[in-house]
Amino acid sequence: MKTSMKILTCLMLMLLAACSSQNVKQQEVLTTKPAIANKPPSVASQNPPMMMAQNGKTLNLVRIMDGAACKNELEGAKGIFLVYADPNDIERIKQEKGAKVFTEFEAKIQIFSEHALQHAVNTMNLAKDPFALGDDVTQQKLAQQLTDNFRVAVIDSLDTFKKETALTIDVAAFPPSFVFYQTGCQATLPESDSSEDDNYLEAN
């Protein structure tokens, strides 16, 4: 799983300032058109939730990640995953440890999210259903299955990360972005351009 190359700096400023009333232009992540079994609706016109509530805290969307995994040579999935964080924790950690620590945090999040996605895909039933009512129904079922599997797979890592870093975060799947493969897995991601990657937890 690799972080998206283009996250708008203004988005970071708005989110970390808790100015959640502004709409954010959703980036187009799936830039290729592979041979796939099911196509999701276009994600370009859909905005992910800008905030989420967790245990009495309000977490802001601070990063969008690409994720991809193959179950075998034929089956797999890819899509977008959203990273939320507590802006108060971010500011406190910056004061205590400096902004550079977030580079380490980013690497940890990428690693455990990648492992969770791989586990989620491995435990899915991606085989074609001969009794499916249509591609839309199949897409919805697979998207829900992946979302549920990812949540189960990532929850322990999120708890461990919070204990180790004192930073409250969440990583959530974005179902409208999912693409599923059933006849040849092409779940690969383009190499990111590090020059365009901002530290996602760092306030500018």
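Shown above is the structure to which this text applies.
Here we come to the nonpolar core. If you look at the biggest cluster of nonpolar residues, it comprises 34 residues, and the most contacted ones within it are Phe 81, Leu 146, Val 171 and Phe 180. Looking at this core element by element, the count peaks at nine residues for helix H3 (residues 101-122). Leu 146 has contacts with Ala 77, Leu 117, Ala 120, Val 121, Met 124, Phe 178 and Phe 180, leaving out every residue within four places of it along the chain. Membership of the second largest hydrophobic core comes to nine residues, among which are Met 50, Tyr 84, Ala 172 and Phe 174.

Turning our eyes to something else, we now look at the state of the cysteines. With the rule as written, the count across this model stands at one disulfide. The disulfide bridge from Cys 70 ends at Cys 185, spanning 2.0 Å between sulfur atoms. Disulfide Cys 70-Cys 185: the torsion about the S-S bond is -90°, which places it as left-handed. Of this pair, Cys 70 sits in strand E3 (residues 57-70) while Cys 185 sits in the segment after strand E5 (169-181), and the two are 115 residues apart along the sequence. Classification of Cys 70 by relative accessible area gives partly exposed; the value is 29%. Overall, the relative accessible area of 16% leaves Cys 185 in the buried class.

With respect to the secondary-structure elements, Ser 113 resides in helix H3. Note on Ser 113: relative accessible area 0%, which makes it buried. When sequence neighbours within four positions are dropped, the list of residues in contact with Ser 113 reads Met 1, Met 65, Phe 150 and Val 171.

Attention now moves to the pairing of strand E4 (residues 76-85). Across the 10 residues of E4, 10 count as buried, placing the element largely inside the fold. As paired strands, E3 and E4 are joined by 10 bridges and run antiparallel to one another. Directly across from Leu 61, in E4, lies its bridge partner Tyr 84. As consecutive antiparallel partners, E3 and E4 are separated by five residues. In this structure, E4 lies alongside E5, joined through nine bridges in antiparallel fashion. Bridge assignment links Lys 78 to a residue of E5, and that residue is Val 179.

Rules of the game
- Residues numbered from 1 in each chain as written.
- Predicted model: local features only at pLDDT ≥ 70, side-chain atom pairs only at ≥ 80, totals over all residues.
- Heavy atoms only, no water.
- Core = buried A, V, L, I, M, F, W, Y, C linked by side-chain atoms within 4.5 Å.
- Buried < 20%, exposed > 50% of the residue type's maximum accessible area, 1.4 Å probe, protein only.
- Helix = DSSP H or I, 4+ residues; strand = E, 2+ residues; numbered from the N terminus.
- Contact = heavy atoms within 4.5 Å.
- Disulfide = S-S within 2.5 Å.
- Pairing = 2+ DSSP bridges.

This is a description of form; function is not addressed.
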